[in-house]
Structures are given as C-alpha cells and as structure tokens.
Amino acid sequence: MLIAIISDIHSNLEALQKAVEIIEQKAVDRVICLGDIVGYGANPKQCLELTRKISHHIIMGNHDQAAADVRYTDIFTPNARTAAIWTNKILSDDERVKLLLLPMGLKIEGMTFVHASPHNPYEWNYITKHSEANLNFRYFDTPLCFIGHSHVSKIFCEEGANEDELIRPLSTVGINYFSNKYQLLKSKKYIINVGSVGQPRDKDWRLSFGILDTDNWTYENIRAEYDVKAAAKKIRDAGLPEILATRLLLGK
Ligand code: ZN
C-alpha cells in the first residue's frame, strides 16, 4: 500500500494542487494530512475543501485551531496572528467547526500520525534535533511516527542515526517532481517529518511531502516546483503581511 502524507499546506492552493497532481500520478492508496491546512496563505477555503476531498484522515494543526478560534493565537508571532485572524473572518461557521473537530493525533495502519510531537501534542513542541526526537520515541508504540509542524523534512532514527546515516537515498527525477527514496529498516523506529506543502522552511522553496510504501518499507520525500509567484501575489493582493509572500520564494 502507498500512503501519501501531506502537512502544513497553509492556504497555498497552488502548492496543494501540484501535490495532488503528483499524488494522483503515483496512484497512492491513502492520503493522510497532518494539519495546518490554513494560516499564512490566501486560499483557506479552497485548501480546506481540496484537502477534505483527497484525504482519508486529517489531523489538527496549531494554525487550524487558531484560525477556527482566535483565542488560540495568544502564543503566535504577530504575522501568524494577523493571518489567523484574517483566515477566521474568511471561514464560515461550518468550516471553523470542521477544523475544531479534527483529532490531535491518529494511530492507523500500524503507524502514528501527529502534527507536532507524539509527547503531548497539545503543547505544539517542535522536533528539529535528535535530542528533541529522542525525548519523543518513548511516547509512541508503532515503528513509525509521522510529523509536520517545523516545515523541514527530516528523518530521525531511534538509535541516533539521521538520514545521512541511513542507507543512501535513491534519487530520481519524475516528469514534474524530484524524489529521495529511503529504505527503512523493520527493526528500527523512526520519526519522519514530511516537510511542508505550502510553506517549506528548509531553504528550498519547492513543496515537500512524503510517500510511504508499506510493502517495501520505503519512504520517499517528494519535492516539486509549483507556481510560487502566483501564491505570493495572492498573499500581497489579500493585504496579508509582505513577509508571508517573500518567505515562500525563499523557502524559509
Ligand atoms: Zn505549519
């Protein structure tokens, strides 16, 4: 079975449409969204609708929660808060309720899925380093835990190996995407950050998501170009903070 895992779309319709195009091309069996469908970008309604259409399961992200109920913006940066309040006004009551009803995490198909971290997902802690990953391995009992939140694609192995120490990835170039495929080991436990569809922050502006092949136990990180200039222009036209447009072009 092929499972596509998408995260952190952030109301970027151009990036999401390209991700969906690749997902359809690859004929995946399941799509799981790790949250942050909205916030930052200019197309929250359209992204919510398309994500709901293609996903078999969706988890709540901190930006979904804050856009649905602005009391949760207290801990946000000023730009994130501005975007969340703007999004809140655009969404209907029904859309806000749908976001607030999303689960904080899921254990399905023998795997764990959360937005931020398996240890107390409500705290929205980041896992960006091995020391942070190491604190989290004991809080899930499946071989794999998929996360988003940092917008940086990365693989953490329980025994301290990072992706450079894993079996060298097989890099391929598709018609409209680039991929790094990793052979996972059945005997090891991993936390895998699939990166962000709509606002990558690893200095690579191309959209990022993951595809797990449960038969061959391989994980593929997909990167693809999309119409980033159109997404940035929409942010400017909506009157959202300029930095939210320029950061898309820089991938940070
Ligand atoms: Zn996010």
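Residues numbered from 1 in each chain as written. Predicted model: local features only at pLDDT ≥ 70, side-chain atom pairs only at ≥ 80, totals over all residues. Heavy atoms only, no water.

### What about the sheet that holds strand β11 (residues 207-213)?
And then number 1: Pairing within the open sheet is mixed, and its 7 strands lie in the order β3-β2-β1-β11-β12-β9-β8. Across the chains shown, the open sheet's two edge strands, defined by having one partner strand only, are β3 (57-58) and β8 (170-173).
And then number 2: The sheet strands contacting helix α1 (residues 13-25) are β1 (2-6), β2 (30-33), β11 and β12 (218-224), and the helix crosses β11 at an angle near 25°. (Pairing = 2+ DSSP bridges. Helix = DSSP H or I, 4+ residues; strand = E, 2+ residues; numbered from the N terminus. Contact = heavy atoms within 4.5 Å. Axes fitted to C-alpha atoms, helices over the stretch in contact; angles between N-to-C directions.)

### Some details on the sheet that holds strand β10 (residues 190-193)
And then number 1: Taken in spatial order, the 5 strands make up an open sheet running β4-β5-β6-β10-β7, and their pairing is mixed. Either end of the sheet is taken by a strand with one partner, and the two such strands are β4 (105-108) and β7 (154-157). Adjacent strand axes in the sheet meet at a mean angle of 15° when their direction is disregarded.
And then number 2: Pairing analysis gives 4 bridges linking β4 to strand β5 (residues 111-114), with the strands arranged antiparallel. Its bridge partner lying in β5, glycine 105 is registered against valine 114.

### So, the coordination of the zinc ion
And then number 1: Every protein donor of the zinc ion is accounted for by Asp8 (OD), His10 (NE2), Asp36 (OD) and His151 (NE2), and the metal-donor separations fall at 2.0 to 2.3 Å.
And then number 2: Given 4 donor atoms and angles of 86 to 178° at the metal, the environment of the zinc ion is assigned as irregular.
And then number 3: For the zinc ion, all donor residues lie on one chain, and their spacing in sequence is D-x1-H-x25-D-x114-H. Here aspartate 36 lies in the loop between β2 and α2 (44-54) and aspartate 8 lies in the loop between β1 and α1, a separation of 28 residues in the sequence. (Donors = N, O, S within 2.8 Å, 3.2 Å for Na, K, Ca; no water. Tetrahedral: all angles 85-135°; square planar, octahedral: opposite > 155°, others 65-115°.)

### Notes on the packing of α1 against α2
Each pair of packed helices can be summarised by the angle the axes make with each other and by the distance between the axes.
And then number 1: Where α1 contacts α2, the axes come no closer than 10 Å and their chain directions differ by 15°. Taken as axis vectors, α1 and α2 run roughly parallel relative to one another. When you trace α1 past α2, the crossing you get is left-handed. Between α1, through Leu13, Leu16, Gln17 and Val20, and α2, the contact on the second element is made entirely by Gln46, Cys47, Leu50, Thr51 and Ile54.
And then number 2: For the contact of α1 with α2, the residue count by class is 6 nonpolar, 3 polar and no charged. (Parallel < 35°, antiparallel > 145°, perpendicular 65-115°, else oblique. Left-handed = near helix turned anticlockwise from the far one by under 90°. Nonpolar A, V, L, I, M, F, W, Y, C, P; charged D, E, K, R; others polar.)

### Remarks on the packing of aromatic side chains
And then number 1: Taken as a whole, this structure holds 4 aromatic pairs when the rule is applied.
And then number 2: Taking 5.9 Å as the distance between ring centres and 40° as the angle between the ring planes, the aromatic pair formed by phenylalanine 137 and phenylalanine 140 counts as tilted. When sorted by exposure, phenylalanine 137 lands in the same class as phenylalanine 140, which is buried.
And then number 3: Ring-pair connections join several aromatic residues into one group, and the members of that group are Phe113, Phe146 and Tyr219.
And then number 4: The ring of phenylalanine 140 has lysine 189 lying over it, and the distance from NZ or CZ to the ring centre is 4.6 Å.
And then number 5: In this structure, arginine 247 packs its charged tip against the face of tyrosine 40, placed 5.7 Å from the ring centre. (Phe/Tyr/Trp six-rings, centres within 6.5 Å; stacked < 30°, edge-to-face > 60°. Buried < 20%, exposed > 50% of the residue type's maximum accessible area, 1.4 Å probe, protein only. Lys NZ or Arg CZ within 6 Å of the ring centre and 35° of its normal.)

Fair warning: the whole summary comes from geometry, so function is off the table for now.
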